[in-house]
Amino acid sequence: MTIQADRNAPRPRALAYSGPVADPRGLAVAAQVLIGVQGAAQLAVAVAGGTRSELFSRYVPIAGPLFIATIVVFLCWFRRCRLNAEHFAPGAHKHSAGAAVWAWFVPGPMWWIPRRVALDVWRANAPAGGAWLIDAWWVAWLGKSVGAAILIELGAARPYAYSPPDATVGVVAAVLAILVIRRITARQHAAVGAEMASLPFARAASR
């Protein structure tokens, strides 16, 4: 389901986008499944004994492909929602749709730009508030990623990886990420449906 963005809408602070607006539910389902599977697998390895367990040796061959697939699908969903959000709230976005992807891979900006993009996407369809969920997810993600980076610098990553504390933080971050995906997707799906229903051909078909 797609609708065309209004080319006459005010141009936002970021580069304007005038392409189709699409329902993000398919990408959202795939992202939630992959995030859930990855979090559950890491927790299972931690409970089984971490990197010294037999389960870890079985998980290693699929860990890399699963991680990459999760990143790719999540970023596709995130970018799709950012593109949609520009249609629903033109002029309200500081960062471009491209930043929804590249900012995750640049040291420094990766610690705050994706959160800013997520907040703008959230507020495009939820101006009344509730952004605490974005902040909770971001804190948990930073705890997982920054904590691991610090431990690598300290040379303590090996005993920490796949340990109960590491898995617990990962599960919390995964659950919050899934909730964020569900909330943003539900709001955008409702907005796309409402806009489609308001089009002349849709009103005519309903008579």
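A.B. asks: Lay out the packing of aromatic side chains in plain terms, naming residues and giving numbers.
C.D. replies: In total, this model carries 14 aromatic pairs according to the counting rule given. Plain terms: the ring middles of Phe74 and Phe78 are 5.7 Å apart, the flat faces sit at 15° to each other, and that makes the pair stacked. Here Phe74 and its partner Phe78 are both found in helix α2 (residues 54-88), 4 residues apart, which amounts to about one turn of the helix. What makes Phe74 buried here is its relative accessible area of 11%. Accessibility expressed as a relative area gives 2% for Phe78, which makes it buried. On the basis of an interplanar angle of 55° and a centroid distance of 6.4 Å, the ring pair of Phe74 and Trp137 is categorised as tilted. In this pair, Phe74 is assigned in helix α2 and Trp137 in helix α5 (residues 132-154), connecting sequence segments 63 residues apart. Against the face of Trp122 rests Arg187, its NZ or CZ located 5.3 Å from the ring centre.

A.B. asks: I'd love a proper account of the side chain of His93, names of residues and values included.
C.D. replies: In this structure, His93 sits in the loop between α2 and α3 (99-102). For His93, a relative accessible area of 0% puts it in the buried group. There is a polar contact of 3.1 Å between the side chain of His93 and the backbone oxygen of Ala85. A polar atom in the side chain of His93 sits 3.3 Å from the backbone oxygen of Ala89.

A.B. asks: Could you give me a rundown of the nonpolar core, with the residues and numbers involved?
C.D. replies: Of all hydrophobic cores here, the largest spans 46 residues; its most connected members are Phe74, Trp77, Phe78, Trp104, Ile134, Trp137 and Ile184. Residue assignment for this core shows that the elements contributing at least two residues are α1 (25-48), α2, α3, α4 (113-125), α5 and α7 (164-198). If one sorts the elements of this core by residue count, α2 sits on top with 11 residues. The contacts of Phe78, once residues within four sequence positions are left out, are Ala100, Trp104, Pro114, Val117 and Ala118.

A.B. asks: Explain the pattern of salt bridges residue by residue, including any values.
C.D. replies: Enumeration over the complete set of coordinates arrives at 6 salt bridges. We note a salt bridge from Arg116 to Asp120, for which the minimum N-O separation is 3.0 Å. Note that Arg116 and Asp120 are positioned in helix α4 at a spacing of 4 residues, about one turn of the helix.

A.B. asks: An account of α1 is requested, with residue identities and associated values reported.
C.D. replies: Each α-helix winds once per 3.6 residues, and so residues spaced three or four apart point in a common direction. Between the first and last C-alpha of α1 there are 34 Å, a value that for 24 residues agrees with the 34 Å anticipated at 1.5 Å per step. Here α1 has its buried residues at Ala28, Ala31, Gln32, Leu34, Ile35, Gln38, Gly39, Ala41, Gln42, Val45 and Ala46. Note on α1: the residue one or two positions beyond its end, Gly49, has a positive phi of about 130°.

A.B. asks: Report on the environment of Ala148, specifying residues and quantitative values.
C.D. replies: In this structure, Ala148 sits in helix α5. A residue is classified by how much of its surface remains accessible, and Ala148, at 28% relative accessible area, is partly exposed. Through-space distance from the C-alpha of Ala148 to that of Asp166 is 8.4 Å; in sequence the pair is 18 residues apart.

A.B. asks: Could you give me a rundown of the packing of α2 against α4, with the residues and numbers involved?
C.D. replies: Closest axis-to-axis distance for the α2/α4 pair is 9 Å, and the angle between their directions is 45°. Relative to α4, the element α2 lies oblique. Read as a crossing pair, α2 and α4 show a hand that is left-handed. Residues Phe78, Cys81, Arg82, Ala85 and Phe88 of α2 form the contact with α4, whose own contacting residues are Pro114, Val117, Ala118, Val121, Ala124 and Asn125. Grouping the amino acids of the contact of α2 with α4 by side-chain chemistry returns 9 nonpolar, 1 polar and 1 charged.

Here is what the cut-offs are and how they apply
Residues numbered from 1 in each chain as written. Predicted model: local features only at pLDDT ≥ 70, side-chain atom pairs only at ≥ 80, totals over all residues. Heavy atoms only, no water. Phe/Tyr/Trp six-rings, centres within 6.5 Å; stacked < 30°, edge-to-face > 60°. Helix = DSSP H or I, 4+ residues; strand = E, 2+ residues; numbered from the N terminus. Buried < 20%, exposed > 50% of the residue type's maximum accessible area, 1.4 Å probe, protein only. Lys NZ or Arg CZ within 6 Å of the ring centre and 35° of its normal. Polar contact = N/O pair within 3.5 Å; in protein donor to acceptor, adjacent residues only side chain to side chain. Core = buried A, V, L, I, M, F, W, Y, C linked by side-chain atoms within 4.5 Å. Contact = heavy atoms within 4.5 Å. Salt bridge = Lys/Arg side-chain N within 4 Å of Asp/Glu carboxyl O. Expected span 1.5 Å × (residues − 1). Axes fitted to C-alpha atoms, helices over the stretch in contact; angles between N-to-C directions. Parallel < 35°, antiparallel > 145°, perpendicular 65-115°, else oblique. Left-handed = near helix turned anticlockwise from the far one by under 90°. Nonpolar A, V, L, I, M, F, W, Y, C, P; charged D, E, K, R; others polar.

Remember that the coordinates give geometry; whether it matters functionally is a separate question.
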